Amino acid sequence: MAGRTQIPTKNSALIAMIADEDTVTGFLLAGVGNVDLRRKTNYLIVDSKTTVKAIEDAFKEFTAREDIAVVLISQYIASMIRFLVDSYNKPVPAILEIPSKDHPYDPAHDSVLSRVRYLFSAESVASGRR
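Please read these numbers as outputs of a predicted model, since none were measured by experiment.

Brief notes about the overall build of the chain
And then number 1: For the chain, the count of helices and strands is six helices and four strands.
And then number 2: Beginning at the N terminus, the succession of helices and strands in the chain can be written as β-α-β-α-β-α-α-β-α-α.
And then number 3: Here the chain, with 130 residues, has 32% of them falling under the buried criterion.
And then number 4: Taking the contacts inside the chain whose residues are at least 6 apart along the sequence as the reference set, 64% of them involve residues at least 24 apart.

Dropping the structure here:
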(Lines give C-alpha, C1' and ligand atoms only; values in the text may rest on other atoms or scores of the structure.)
Protein backbone atom coordinates (compact mmCIF):
# COMPACT_ATOMS: atom_id res chain seq x y z
CA MET A 1 0.00 0.00 0.00
CA ALA A 2 2.84 2.38 -0.73
CA GLY A 3 1.75 5.84 -1.72
CA ARG A 4 -1.65 5.63 -0.05
CA THR A 5 -2.67 8.02 2.68
CA GLN A 6 -3.59 6.17 5.84
CA ILE A 7 -6.34 7.37 8.13
CA PRO A 8 -5.20 7.31 11.76
CA THR A 9 -6.73 4.28 13.49
CA LYS A 10 -5.95 5.09 17.15
CA ASN A 11 -9.42 6.51 17.42
CA SER A 12 -12.24 6.46 14.96
CA ALA A 13 -12.06 9.01 12.16
CA LEU A 14 -14.67 11.78 12.13
CA ILE A 15 -16.97 13.31 9.56
CA ALA A 16 -16.95 17.11 9.55
CA MET A 17 -19.91 19.21 8.37
CA ILE A 18 -20.24 22.69 6.93
CA ALA A 19 -23.93 23.19 6.22
CA ASP A 20 -27.17 24.92 7.15
CA GLU A 21 -28.81 24.30 10.51
CA ASP A 22 -31.30 21.66 9.32
CA THR A 23 -28.64 19.58 7.57
CA VAL A 24 -26.20 19.74 10.49
CA THR A 25 -28.97 18.92 12.97
CA GLY A 26 -29.91 15.81 10.98
CA PHE A 27 -26.34 14.57 10.98
CA LEU A 28 -25.91 15.40 14.68
CA LEU A 29 -29.00 13.34 15.47
CA ALA A 30 -27.43 10.50 13.49
CA GLY A 31 -24.38 10.65 15.77
CA VAL A 32 -21.87 12.52 13.62
CA GLY A 33 -21.18 15.34 16.12
CA ASN A 34 -18.07 15.55 18.25
CA VAL A 35 -16.65 18.07 20.72
CA ASP A 36 -13.01 17.61 21.75
CA LEU A 37 -11.26 18.59 24.98
CA ARG A 38 -10.58 22.10 23.64
CA ARG A 39 -14.34 22.44 22.98
CA LYS A 40 -13.78 22.41 19.21
CA THR A 41 -16.60 20.89 17.19
CA ASN A 42 -16.49 19.00 13.92
CA TYR A 43 -19.24 21.10 12.34
CA LEU A 44 -20.08 24.64 11.33
CA ILE A 45 -23.67 25.80 11.09
CA VAL A 46 -23.94 28.40 8.34
CA ASP A 47 -26.71 30.98 8.41
CA SER A 48 -27.24 34.46 6.97
CA LYS A 49 -24.90 35.97 9.60
CA THR A 50 -21.98 33.63 8.89
CA THR A 51 -19.17 35.35 7.03
CA VAL A 52 -17.29 33.85 4.11
CA LYS A 53 -14.12 34.21 6.20
CA ALA A 54 -15.63 32.00 8.92
CA ILE A 55 -16.52 29.37 6.29
CA GLU A 56 -13.01 29.54 4.83
CA ASP A 57 -11.46 29.18 8.29
CA ALA A 58 -13.64 26.16 9.13
CA PHE A 59 -12.81 24.51 5.80
CA LYS A 60 -9.07 25.04 6.36
CA GLU A 61 -9.32 23.78 9.94
CA PHE A 62 -11.29 20.65 9.04
CA THR A 63 -9.00 19.75 6.12
CA ALA A 64 -5.91 20.19 8.33
CA ARG A 65 -7.16 18.02 11.20
CA GLU A 66 -5.78 14.48 11.25
CA ASP A 67 -8.85 13.00 12.97
CA ILE A 68 -11.25 13.93 10.14
CA ALA A 69 -11.69 11.54 7.21
CA VAL A 70 -14.58 13.22 5.34
CA VAL A 71 -15.76 16.83 5.09
CA LEU A 72 -19.39 17.18 4.01
CA ILE A 73 -20.20 20.63 2.71
CA SER A 74 -23.48 21.90 1.31
CA GLN A 75 -23.06 22.67 -2.35
CA TYR A 76 -24.34 26.23 -2.12
CA ILE A 77 -21.85 26.89 0.69
CA ALA A 78 -19.05 25.27 -1.31
CA SER A 79 -19.82 27.73 -4.12
CA MET A 80 -19.02 30.58 -1.70
CA ILE A 81 -15.50 29.20 -1.24
CA ARG A 82 -15.20 27.48 -4.63
CA PHE A 83 -11.55 28.51 -5.04
CA LEU A 84 -10.64 26.62 -1.84
CA VAL A 85 -12.71 23.54 -2.65
CA ASP A 86 -11.37 23.29 -6.20
CA SER A 87 -7.76 23.80 -5.14
CA TYR A 88 -7.95 21.11 -2.42
CA ASN A 89 -6.29 17.98 -3.84
CA LYS A 90 -5.54 15.63 -0.94
CA PRO A 91 -7.32 12.27 -0.68
CA VAL A 92 -7.91 12.50 3.08
CA PRO A 93 -10.06 14.09 4.21
CA ALA A 94 -12.32 13.61 1.24
CA ILE A 95 -14.51 16.59 0.35
CA LEU A 96 -18.10 15.76 -0.62
CA GLU A 97 -20.65 18.34 -1.69
CA ILE A 98 -24.20 17.55 -0.62
CA PRO A 99 -27.59 19.15 -1.32
CA SER A 100 -29.54 21.04 1.29
CA LYS A 101 -33.24 21.44 1.88
CA ASP A 102 -33.46 24.86 0.24
CA HIS A 103 -30.78 24.42 -2.43
CA PRO A 104 -31.05 21.35 -4.70
CA TYR A 105 -28.00 19.49 -5.93
CA ASP A 106 -26.53 20.76 -9.19
CA PRO A 107 -24.07 18.28 -10.75
CA ALA A 108 -22.64 21.03 -12.98
CA HIS A 109 -21.10 22.71 -9.91
CA ASP A 110 -19.80 19.60 -8.10
CA SER A 111 -15.99 19.65 -7.94
CA VAL A 112 -15.65 15.89 -7.43
CA LEU A 113 -17.96 15.07 -10.33
CA SER A 114 -16.14 17.50 -12.63
CA ARG A 115 -12.81 15.81 -11.79
CA VAL A 116 -14.30 12.39 -12.50
CA ARG A 117 -15.70 13.62 -15.82
CA TYR A 118 -12.30 14.96 -16.76
CA LEU A 119 -10.56 11.71 -15.86
CA PHE A 120 -12.93 9.67 -17.99
CA SER A 121 -13.31 12.11 -20.85
CA ALA A 122 -12.21 11.20 -24.36
CA GLU A 123 -9.36 13.72 -24.25
CA SER A 124 -7.81 12.31 -21.10
CA VAL A 125 -8.12 8.71 -22.30
CA ALA A 126 -6.67 9.60 -25.70
CA SER A 127 -3.74 11.44 -24.16
CA GLY A 128 -2.94 8.51 -21.89
CA ARG A 129 -4.03 10.17 -18.62
CA ARG A 130 -6.09 8.00 -16.30
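Now that the structure has been shown, the text picks up again.
Digging into the sheet that holds strand β2 (residues 43-45)
And then number 1: If you walk across this open sheet you meet the four strands as β2-β1-β3-β4, and the pairing is parallel. Across the chains shown, the open sheet's two edge strands, defined by having one partner strand only, are β2 and β4 (94-98). Strand-to-strand twist across the sheet, computed as the mean angle between neighbouring axes with direction ignored, equals 20°.
And then number 2: Examined bridge by bridge, strand β1 (residues 14-19) and strand β3 (residues 68-74) share five bridges and lie parallel to one another. When the sheet's bridge partners are listed, Ile 18 is paired in β3 with Ile 73.
And then number 3: Contacts between helix α1 (residues 21-29) and the sheet are confined to β1, β2, β3 and β4, with β1 contributing the most and set at about 160° to the helix.
And then number 4: Sheet contacts for helix α2 (residues 52-64): β1, β2, β3 and β4; angle to β1, the most-contacted strand, approximately 170°.

Quick notes on the rules
- Residues numbered from 1 in each chain as written.
- Predicted model: local features only at pLDDT ≥ 70, side-chain atom pairs only at ≥ 80, totals over all residues.
- Heavy atoms only, no water.
- Helix = DSSP H or I, 4+ residues; strand = E, 2+ residues; numbered from the N terminus.
- Buried < 20%, exposed > 50% of the residue type's maximum accessible area, 1.4 Å probe, protein only.
- Contact = heavy atoms within 4.5 Å.
- Pairing = 2+ DSSP bridges.
- Axes fitted to C-alpha atoms, helices over the stretch in contact; angles between N-to-C directions.

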